[in-house]
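# Understanding the architecture of this molecule
Listed below, chain by chain, are the residues.
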Amino acid sequence: MWNTAQQDSMETHTTMLQMVVNDSNTTGVSPVDENYFRWNFAFSVILAAVLSISAFLAVVGNSMVLTVIIRHRGMRTRTNLFLVNLAVADLLVGAAVEPFTITTLIEGRWVFGSTTGTFCKINGWLNCFCLVASIHTLMYISIHKYVSITKPLGNHFKLRQILGMMAAAWVWAAVSSTITVTGLSSVRYKNGTSQCGPEYPSGLKSYIFHIIIQVTNIFIPLIILTFCYTRMFREIRAHSKRLQENSTLEQDIILAQQKRVTITLFIVLACFIICALPYHLYATYTTISINKKFSPYINPVAYSFLYLNSACNPIIYAFRSPAFREGYKEILCQTPTYILSDVEARCAAAYYQVRDL
């Protein structure tokens, strides 16, 4: 009789365990490792709060950047067209990427269906898409400014060429993201992460895939960026020395404007590198590590730094560009004003100064 009761109890526990396993197979979440994982409460709350503020600033700030450029004809310069690319990518991060991460941090697990399902793949695709679009846009900006400054009398990029480079950034971002989701590396939610991403490389094909992504989306753009900005600052310094001997007011204003724009874009680049560095170190470490065992706190911190960059650019423009600053005031205070681009504003100032003389 005891044996019968014991056997019934064991069968009941076995049945309950089987139900849990079946439920986990349905949702794609492991009941032990993933479904019940929790970060430290204070860590989750603080990081979720920071990312919530970042997402709000990214959506509002980049929406204002796009509004200023669209509303005012004088702001539709070639450089600002590239900034449209950056603003759209950052807006996507704040509106469509960060909410997934914030929810995962609070819940301690992936709650958007299966850990290998549609929403997970969309999340992994968008993470890669926005990052690649941003860094390739920065690369094309550096090429554009390099040609403008080092060859001031030459034929600069025409509008269709600028639009072509903008499109190229999005196309390559889409290709890289699609390969990540459907190609050599599958996307899933991994225990101890705050978002979906590609599997850690383990075989030859996956290592080749990661190397291709790292080279085309990190090393090559950084080499081009370093070369272009180094040459730009050298040319500006040499040109400044030449103007000290023989300069006009108009030349001084044009040089000052080019220098200011270049420094602003360099600050945008520096901010991107600082914010993206923890992520790239994390990605490199997970690629070369043998045992693939990491602290569950590394991934959320690395990605959070990456997401914070999306809120930085509108703030940089506000401090560095009088035109953007006036455009923000017009939107926030509802005071209709005519916004000139930085170049037009300085040329107008030079004209009136010369006329008054």
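Residues numbered from 1 in each chain as written. Predicted model: local features only at pLDDT ≥ 70, side-chain atom pairs only at ≥ 80, totals over all residues. Heavy atoms only, no water.

## Details of empty space enclosed by the protein
The test is simple: Cavity means a closed set of points on a 1 Å grid over the protein atoms alone, one where a 1.4 Å probe fits but cannot get out, pocket means an open set with protein on both sides within 12 Å along at least 5 of 7 lines, and lining means a residue has an atom within 4 Å of a point. Grid points are joined across faces, edges and corners, and a volume is the space filled by probe spheres set on the points. A run of H or I in DSSP counts as a helix once it spans at least four residues, and a run of E counts as a strand once it spans at least two, with each numbered from the N terminus. For this classification, Asp, Glu, Lys and Arg are treated as charged, while Ala, Val, Leu, Ile, Met, Phe, Trp, Tyr, Cys and Pro are nonpolar and the rest, including Gly, are polar.
Taken as a whole and judged by the stated rule, the model has 2 cavities of 30 Å³ or more. Volume-wise, the largest cavity comes out at about 500 Å³. If you go around the largest cavity, you meet 32 residues; those closest to its centre are Pro-198, His-210, Tyr-279, Ala-283 and Tyr-303. Looking at the lining of the largest cavity, the elements that each hand over two or more residues are helix H4 (118-150), strand S2 (196-198), helix H6 (204-245), helix H7 (249-288) and helix H8 (298-308). Partitioning the lining of the largest cavity into residue classes produces 17 nonpolar, 13 polar and 2 charged. Taken together, 13 residues form the lining of the second largest cavity, with Val-93, Cys-130, Leu-131, Leu-306 and Ser-310 sitting closest to its centre. Going through the elements one at a time, helix H3 (78-107), H4 and H8 are the ones with two or more residues in the lining of the second largest cavity.

## Focus on the packing of H3 against H4
Rule in force here: A fitted line through C-alpha atoms serves as each axis, taken over the contacting stretch for helices, and the angle formed by two N-to-C directions is quoted from 0 to 180°. Each angle is binned into one of four classes, with values under 35 degrees roughly parallel, values over 145 roughly antiparallel, values of 65 to 115 roughly perpendicular, and all other values oblique. For a crossing to be left-handed, the near helix must be turned anticlockwise from the far one by less than a right angle; the clockwise case is right-handed.
The N-to-C vectors of H3 and H4 enclose an angle of 160°; their axes lie 9 Å apart at closest approach. Compared by their axis directions, H3 and H4 come out roughly antiparallel. Note on packing geometry: the crossing formed by H3 with H4 is left-handed. Its residues assigned to classes, the contact of H3 with H4 shows 17 nonpolar, 7 polar and 3 charged.

## Let's talk about the pattern of salt bridges
As a reminder of what qualifies: Whenever a carboxyl oxygen of Asp or Glu lies within 4 Å of a side-chain nitrogen of Lys or Arg, that contact is scored as a salt bridge. Relative accessibility decides the category of a residue: with a 1.4 Å probe and only protein chains considered, values under 20% of the type maximum give buried, values over 50% give exposed, and everything between is partly exposed.
Under the criterion given, the structure shown has 2 salt bridges. Close ionic contact of Arg-188 with Glu-199 constitutes a salt bridge, the shortest N to O distance being 3.6 Å. Taken together, the positions of Arg-188 in strand S1 (residues 187-189) and Glu-199 in the loop between S2 and H6 put the pair 11 residues apart, joining distant regions of the chain. Taking the relative accessible area as the measure of exposure, Glu-199 reaches 28% and is therefore partly exposed. A salt bridge links Lys-329 to Glu-326; its shortest N-O distance comes to 3.6 Å. Note that Lys-329 and Glu-326 are positioned in helix H10 (residues 322-333) at a spacing of 3 residues, about one turn of the helix. Given the relative accessible area of 37%, Glu-326 is considered partly exposed.

## Digging into a positive patch on the surface
To keep things clear, this is the line we draw: Within this analysis, patches are made of residues with over 30% relative accessible area and no salt bridge. Like charges are joined at 9 Å or less; nonpolar side chains (Val, Leu, Ile, Met, Phe, Trp, Tyr) at 5 Å or less. In short, Shrake-Rupley with a 1.4 Å probe defines the accessible areas, and a residue's cover is counted only from the protein chains shown. Counted as positive: Lys and Arg. Counted as negative: Asp and Glu. His and the chain ends are not counted at all. Charge placement uses NZ in Lys and CZ in Arg. For Asp and Glu, CG and CD serve respectively.
A grouping of Lys-151, Arg-231, Arg-234 and Arg-237 is seen on the molecular surface, where their side chains present a positively charged patch. Of note, Arg-234 is situated in helix H6. Arg-234 sits in the exposed class, given a relative accessible area of 53%.

## Some remarks on the environment of Met-165
To be explicit about the condition: Should any heavy atoms of two residues lie within 4.5 Å, those residues are counted as being in contact.
With respect to the helices and strands, Met-165 occurs in helix H5 (residues 159-182). For the pair Met-165 and Ile-141, spaced 24 residues apart in sequence, the C-alpha to C-alpha distance is 9.1 Å. Once residues lying within four places of it in the same chain are set aside, the contact partners of Met-165 are Phe-82, Tyr-140 and Phe-157.

## A few points about the UniProt feature "transmembrane region" (unreviewed entry) in the chain
Operational definition: UniProt positions are given in the numbering used here, feature names are shortened, and annotations may be inferred rather than shown by experiment.
Summarizing the sequence annotation, UniProt attributes the feature "transmembrane region" (unreviewed entry) to residues 41-70, 82-102, 122-141, 162-187, 207-229, 261-281 and 301-319 in the numbering used throughout. Secondary structure across residues 82-102 divides into 100% helix and 0% strand, with the first and last C-alpha atoms of the span separated by 29 Å. Span residues 122-141 is 100% helix and 0% strand, its end C-alpha atoms 28 Å apart.

## Regarding the confidence of the model for the chain
Formally: The quantity known as pLDDT measures the predictor's confidence residue by residue, on a range of 0 to 100.
Summarising the model, the chain shows a mean pLDDT of 80, and 77% of its residues fall at 70 or more. Note on residues 1-36: pLDDT is under 50 here. Beyond four places in sequence and across chains, it has 24 contacts. Residue range residues 345-357 is modelled with pLDDT below 50. Its contacts to residues more than four positions away, or to other chains, number 10 contacts.

## Quick word on a nonpolar patch on the surface
Taken together, the side chains of Ile-53, Phe-56, Leu-57, Val-60, Ile-315 and Phe-319 make up a nonpolar region of the molecular surface, amounting to roughly 610 Å² of accessible area. Taken together, the elements giving at least two residues each to the nonpolar patch come down to helix H2 (41-71) and helix H9 (312-320). The dominant element in the nonpolar patch, judged by the number of residues it contributes, is H2, at 4 residues. Residue position: Ile-315 is located in helix H9. Owing to a relative accessible area of 41%, Ile-315 belongs among the partly exposed residues under this scheme.

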